[in-house]
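# Chains, contacts and geometry: an overview
One-letter residues, chain by chain:
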Amino acid sequence: MNVKKLNLKIVFTLFLALFLVALAVNTGIAEEHAEETVAAEVTGDAEGSAEEAVEEESVPYVEDEYRNFFGIDGRLIVWIISQLHLMFAAFVLAVPLFVVIIEAIGAKTNNLQFDNLAREFTKLLSTAFATTAALGGLLSFALYGLYPGFMRYMTGVFHPYMYVYALCFFGEVFFLYAYYYSWDLLKTGPGKWLHVFLGVMLNVFGTTLMMLANSWATFMMAPSGIDMKTGAVLDRSAAFFNFLWMPVNIHRIIANVAFGGFVVGAYAAVKFMGAKTEEDRAHYDWMGYIGNFIGLAAFIPLPFAGYYLGREIYSASPVMGNIMMGGAFSWTFIIQAILIGMLFVGGNYYLWNGLGRIKGSERYTPYVKYINIVIFFCFAVWLTPHNLPLSGEERALIGEQYHPFSKFFGVMAAKNAVVNLLILATFFSFLLYKRANKGETMPFKSHGNAARITMIITVGLTIMYLLWYSMGLKGQDLNEAIRPYINPLLTCIKIQIAAIIAALFLTFSNRGKLAQTLLFVVTVSISVIYFWYYGFVLMEKANMVLRFLSVTQVSIVISTLIVNTVIDVFLFKNAKEVGGIQWGKIPNRAQYALLLLCVAIVTLMGLMGFIRSGLRMNWHIYGFMQDKSPGAFTPSIAYMGWVVSLIVFLFLAMVAIVFWLATLGDKKKKHA
Amino acid sequence: MKSFLKAVAFSLSIIGFFAFVCIYVTGLSGGGGGGGATGVSPEAGEKIYWGDGQCHTCHSIGTSGSATRGPNQEGLASRAAERAKAAGLASSLEYLVESIVNPAAFVVEGYDNIMPKVYDAPIMLSREQILAVISYLQTLGGEPDIEAVAKFAERIPEASGEEVAPWVPPIDVDIKEGELVFFDESRGVTCSKCHVLNGKGSQVGPDLTGIGAVQTPQYLIESVLKPSEIIVKGFETMYLMTTEGMAYNGLLVSQDEEEIVLMVDEDGVMEEYVFYPEEIAQMQKQDVSIMPGNFRDMLTTKEFYGVIMFLLSQK
């Protein structure tokens, strides 16, 4: 009864809100109309004869370049709508990616629990999809209405791709609903795999859709294929495949998966806290764990994709790069560091809390405090600005603008080192969690040839990547005076390759744990400790080589993550369990960690959206079409903070409503 | 429901923390945020004066710049102190601030009230940029006092957020055609015979370089169609009658104890005439511009609006 009343109240509130919005919009239109009427009366004769009416009609039509939204700056409206659309789009593009994987695992292992989880995620997807489409439509109307001149040009450049976009949209709609509604129909046997295929096709269309839209956004940042003076389209495909297109595609796909994982994690957390039965608590605890796992798994490589994107932005336009890291936007990266720090701390905190529900985890809990120290140390270094905001008195006391000690933590050499350490520490945390209830391991030989082949392929591919990168490094066209500074990087890669080969043999001889330890030690020694020091050497003597240092650092860390993950899979395959996992036996504070992860990643997406778009400064299309509207200024960080906060609030509120709507059907079933 | 409300409160606290950090960081970074903020300093002000601010299109400083529409700003700080005293203001700084916030408040004798509000379109300087310019103006004959300048921040209006509907001529025109008309010396009407634009032309009338950044279309239309309505200071016509009864109308080029030089229009050609004091019977300023007032008949509508659009594009 209470639930019914509550539902009625919510419906009434929504109705009231819609009514007020309609009233406000109507008032705005009426006011505009009144202004037009007054203007007509002032300029024309009040009598208004038929002749004058004809004359008025013959006034030539002049199209506005910019308009505002009932008195509100068009840029603010487009900012809010586009960001909300992007957030919903990220969710509906990411969730199918892991839903299909979860469903495939369920189908392969005949585990109905996985199948049910995939279905529950898809249920959230279907309602979120309609909201995404509605926001996309609203964004189009806002852009064409408020920025007609700019959109006229963009349509001129990209109109053939817009038809492809529409077709992909139809494709996505078809496969989404086919996937969702055929779940029961294609439940068993070959039908199940046909269902998985429908999910794969849903992903194909969804990802294509995202990549099409990405090209428009990246064209605005790094235009190509057009005459930069006249705007004439010289090569439409070059405009589409512009310089930043692929880096943004890669970054967005990974970020979307992390985003989707953390959002469903938060959904599970809220459900867990409101669960009435032990069964529900266990279910939502497991769902939260999966959400966090997906989020963290995607989040760990995300800084690498972000670094790649940043590097390409520098390559596309050094001016834009300087604005980003050394100019107007440099302080926003301090805020980004805080949010990323929150994500790493929150993710680790959830894992540590999760250890409590696993019997046997006591063996590993002492390590947690050390990981904690490492994470907070990395966070502190990452937060340290190079150029401290000092008063004149403080500057006089220090004798310079830079602090004699903390300045060493503010430069990129230090920040790159701690980011890699942060990733390695989180990965280590995850490995501890995974093995918490595992006891005695099985000999590697017992896993058969498949395991051996998988290990060899993994190691082979990783080494091939490192060799390919080394060859590229050797082939760099560098000044003879600078070239010798590349050699230490090549030597470090050789050491890493040797460590990987050694790890392979150690794994084959049943010493997987030692192999993992060896790789961790070598990687931390090279990528964190040595490269931190060598970064300072390069800053002083061969600044040009710094960019190669960062990529080498990243490559070595990635190779360790990949090889250690595969070793871990076989190390604990069929291992004896010390105790089971007691799903549902996790404190509520862990659920708040999941909420923190969700709010932090949504906010981070809002912040990064502002940075990516704001880098164009007062250009619609960087270097070609200037934004001449009154709103063409870069807002202060405080203003950005308020707008992004509003967007995050709106998104979370809309998500809450959408998820509530998605579960209405279940309640009816239960009551029936 | 209780757990949901707790979750909402927790989420809101994180959002609030983010907003707080943004505000705090803005304070640390000097409120600049984006936009390539350069802070309040004479150095920044100097850049804005000669750049985005477009101040140099009307004001020279000593021998730097050639604009004459507004007063030369050399020694401005000391002059501002005297004028502040005369106007009953507390300080020279207040005088400078007031002159920028409300350009009509103190129009220097000998100059017209033509200065635009620089915080409005099309210049749209930010509050910080205006403060920087003021600190730079303080260095012209005085010492900058940034702390004192910063105290006037609230007096400077923020750049207007209102959209300014771009002016469009009533018929389709080609800016290039307007440019041709402006410089075309083969015809009777040639603007460049009397106006310099981007270094080209003759300096009989005011230099029009950068005019589009500081003047409205209405002002330009009126100046072309009714040149005598607003005459830029220093470009008034001088009526001179010699003792022999010859009358001349022209622009005063120079005047000292020994001679007076007038630039006179002789059948479309501007020529300088030198007069000695003993041969002048009468001399007085006229409220009529030397610029021809018959452009309405000499230009087609398309040419006329083409010239206006061309001038507006000079930013």
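Higher on the page you've got the structure.
In this report, the structure presented in the accompanying data block is examined. (Residues numbered from 1 in each chain as written. Chains lettered and ligands numbered in written order. Predicted model: local features only at pLDDT ≥ 70, side-chain atom pairs only at ≥ 80, totals over all residues. Heavy atoms only, no water.)

## Here we look at the overall build of chain A
Applicable threshold: The numbering of helices and of strands both runs from the N terminus, where a helix is a DSSP run of H or I of at least 4 residues and a strand a run of E of at least 2. Three exposure classes are used, based on accessible area relative to the maximum for each residue type with a 1.4 Å probe and protein chains only: buried under 20%, partly exposed in between, and exposed over 50%. Any two residues whose heavy atoms approach within 4.5 Å at even a single point are treated as in contact. Methods summary: accessible areas were calculated by the Shrake-Rupley approach with a probe of 1.4 Å, and residue burial reflects only the protein chains presented.
The helix and strand inventory of chain A stands at 22 helices and two strands. Each of the 672 residues in chain A was classed as buried or not, and the buried ones make up 52%. For chain A, long-range pairs separated by at least 24 residues make up 83% of all intrachain contacts whose partners lie at least 6 apart in sequence. Surface summary for chain A: the accessible area is close to 31500 Å², and the carbon and sulfur share equals 67%.

## With respect to the overall build of chain B
Along its length, chain B carries eleven helices and five strands. By the burial criterion, 42% of the 315 residues in chain B qualify as buried. Pairs at least 24 residues apart make up 58% of the contacts formed inside chain B by residues separated by at least 6 positions. Summed over all atoms, the accessible surface of chain B reaches about 16400 Å², with 53% contributed by carbon and sulfur.

## Some words on unusual backbone geometry
Only a minority of non-glycine residues have a phi that is not negative, and only a minority of peptide bonds are not trans. Residue and element names in this part refer to chain A. At Asn510, a residue that is not glycine, the phi angle is positive and equals roughly 65 degrees. For Asn510, the position within the fold is in the loop between helix 18 (487–508) and helix 19 (512–541). A positive phi is found at Asn574, a non-glycine position, where the angle reads about 60 degrees. Tracing the chain through its elements places Asn574 in the loop between helix 20 (546–571) and helix 21 (588–614). A residue is classified by how much of its surface remains accessible, and Asn574, at 58% relative accessible area, is exposed.

## Side note on the side chain of Ser192(B)
Residue and element names in this part refer to chain B. Tracing the chain through its elements places Ser192 in the loop between helix 7 (175–183) and helix 8 (211–214). Judged by its relative accessible area of 2%, Ser192 is buried. Setting aside chain neighbours within four positions, we find Ser192 in contact with Phe182, Phe183, Glu185, Gly201 and Ser202.

## Examining the nonpolar core
Residues and elements named next belong to chain A. As a reminder of what qualifies: In this description, a nonpolar core means a group of buried Ala, Val, Leu, Ile, Met, Phe, Trp, Tyr and Cys residues linked to one another through side-chain atoms lying within 4.5 Å.
Of all hydrophobic cores here, the largest spans 151 residues; its most connected members are Phe91, Phe259, Phe299, Val602 and Met640. The biggest single contributor to this core is helix 21, with 17 residues. Each residue touching Phe91, except ones within four places of it in the same chain, is listed here: Pro96, Leu124, Leu125, Ala128, Phe259, Gly260, Val263, Val264 and Phe659. Counting 41 residues, the second largest nonpolar core, distinct from the first, contains Val459, Leu504, Ile526 and Ala542.

## With respect to helix 17 (residues 448–474) of chain A
Residue and element names in this part refer to chain A. Stated formally: Helices are assigned an expected span. That span is 1.5 Å times one less than the residue count.
The end-to-end C-alpha distance of helix 17, which contains 27 residues, comes to 39 Å, matching closely the 39 Å that a straight helix rising 1.5 Å per residue would cover. Here helix 17 has its buried residues at Ala451, Met455, Thr458, Val459, Thr462, Ile463, Leu466, Tyr469, Ser470 and Leu473. Those residues of helix 17 that are buried lie in contact with helix 18 and helix 20.

## Side note on the packing of aromatic side chains
All names here are of chain A. What counts, and what does not: Aromatic contacts are taken between Phe, Tyr and Trp rings whose centres are within 6.5 Å, Trp giving its six-membered ring; a plane angle under 30 degrees counts as stacked, one over 60 as edge-to-face, and the others as tilted. Two conditions define a charge sitting above a ring: the NZ of Lys or the CZ of Arg must be within 6 Å of the ring centre, and it must be within 35 degrees of the ring normal.
Counted under the stated rule, the structure contains 56 aromatic pairs over all chains. Ring geometry for Tyr180 and Tyr181: centres 5.0 Å apart, planes at 65 degrees, overall edge-to-face. Owing to a relative accessible area of 63%, Tyr181 belongs among the exposed residues under this scheme. Counting every residue linked through ring pairs, the aromatic cluster contains Phe158, Tyr161, Tyr165, Trp216, Phe219, Phe240, Phe241 and Trp245. We note Arg452 situated over the ring of Phe508; from NZ or CZ to the ring centre the distance is 4.9 Å.

## Details of the sheet that holds strand 3 (residues 260–266) of chain B
Residues and elements named next belong to chain B. We apply this condition: At least two bridges found by DSSP between two strands is the condition for calling them paired. A fitted line through C-alpha atoms serves as each axis, taken over the contacting stretch for helices, and the angle formed by two N-to-C directions is quoted from 0 to 180°.
Taken together, five strands build an open sheet; the order of strands is 4-3-2-1-5 and the sheet is antiparallel. Edge positions in the open sheet fall to strand 4 (269–275) and strand 5 (280–286), since each of these has one partner strand only. Neighbour-to-neighbour, the strand axes of this sheet turn through a mean angle of 40 degrees, independent of strand direction. Both strand 3 and strand 4 contribute to a ladder of seven bridges, which runs antiparallel. Across the sheet, residue Met263 finds its bridge partner in strand 4, namely Glu272.

## A few points about the packing of helix 4 (residues 92–101) of chain B against helix 5 (residues 127–138) of chain B
Residues and elements named next belong to chain B. As a reminder, the rule being used: Should an angle fall under 35 degrees it is called roughly parallel, over 145 degrees roughly antiparallel, and 65 to 115 degrees roughly perpendicular, with every other angle called oblique. Each helix crossing is assigned a hand: it is left-handed if the near helix lies turned anticlockwise from the far helix by less than a right angle, otherwise right-handed if that turn is clockwise.
Put simply, helix 4 and helix 5 touch, their axes get as near as 11 Å, and they point 135 degrees apart. When the interaxial angle is binned, helix 4 and helix 5 end up oblique. Here helix 4 runs over helix 5; the crossing is right-handed. Taken together, the residues of helix 5 that come into contact with helix 4 (itself represented by Leu93, Leu96, Val97 and Ile100) are Ile130, Ile134, Leu137 and Gln138.

## Thoughts on the pattern of salt bridges
The line we're drawing: Whenever a carboxyl oxygen of Asp or Glu lies within 4 Å of a side-chain nitrogen of Lys or Arg, that contact is scored as a salt bridge.
For the structure on display, the rule yields eleven salt bridges over all chains. A salt bridge links Arg155(B) to Glu98(B); the nearest nitrogen and oxygen atoms lie 2.7 Å apart. Remark: Glu98(B) occurs in helix 4 and Arg155(B) occurs in the loop between helix 6 (146–150) and helix 7; sequence separation between them is 57 residues. Taking the relative accessible area as the measure of exposure, Arg155(B) reaches 36% and is therefore partly exposed. Three or more residues are tied together by salt bridges with common partners; here these are Glu103(A), Asp115(A) and Lys192(A).

## Overview of a nonpolar patch on the surface
For the record, the criterion: Patch membership is restricted to residues that have no salt bridge and whose relative accessible area is over 30%. Joining uses 9 Å for like charges and 5 Å for the nonpolar side chains Val, Leu, Ile, Met, Phe, Trp and Tyr.
On the surface, Phe649(A), Met1(B), Phe4(B), Leu5(B), Val8(B) and Leu12(B) cluster together into a nonpolar patch covering about 540 Å² of accessible area. Top contributing element to the nonpolar patch by residue count: helix 1 (residues 2–28) of chain B, with four residues. Within the secondary structure, Leu5(B) is located in helix 1.

## Concerning the packing of helix 17 of chain A against helix 20 of chain A
All names here are of chain A. Stated precisely, the cut-off is as follows: Throughout this entry, Asp, Glu, Lys and Arg are counted as charged residues, while Ala, Val, Leu, Ile, Met, Phe, Trp, Tyr, Cys and Pro are counted as nonpolar. The remaining residues, Gly among them, count as polar.
Where helix 17 contacts helix 20, the axes come no closer than 10 Å and their chain directions differ by 175 degrees. When the axes of helix 17 and helix 20 are compared, the pair comes out roughly antiparallel. Taking contact as the criterion, the partners of Ala451, Thr454, Met455, Thr458, Val459, Thr462, Tyr465, Leu466, Tyr469 and Leu473 in helix 17 are, on helix 20, Phe548, Val551, Thr552, Ser555, Ser559, Ile562, Val563, Val566, Ile567 and Phe570. Split into classes, the residues belonging to the contact of helix 17 with helix 20 amount to 14 nonpolar, six polar and no charged.

Everything listed here is a matter of geometry and, on its own, says nothing about what the molecule does.
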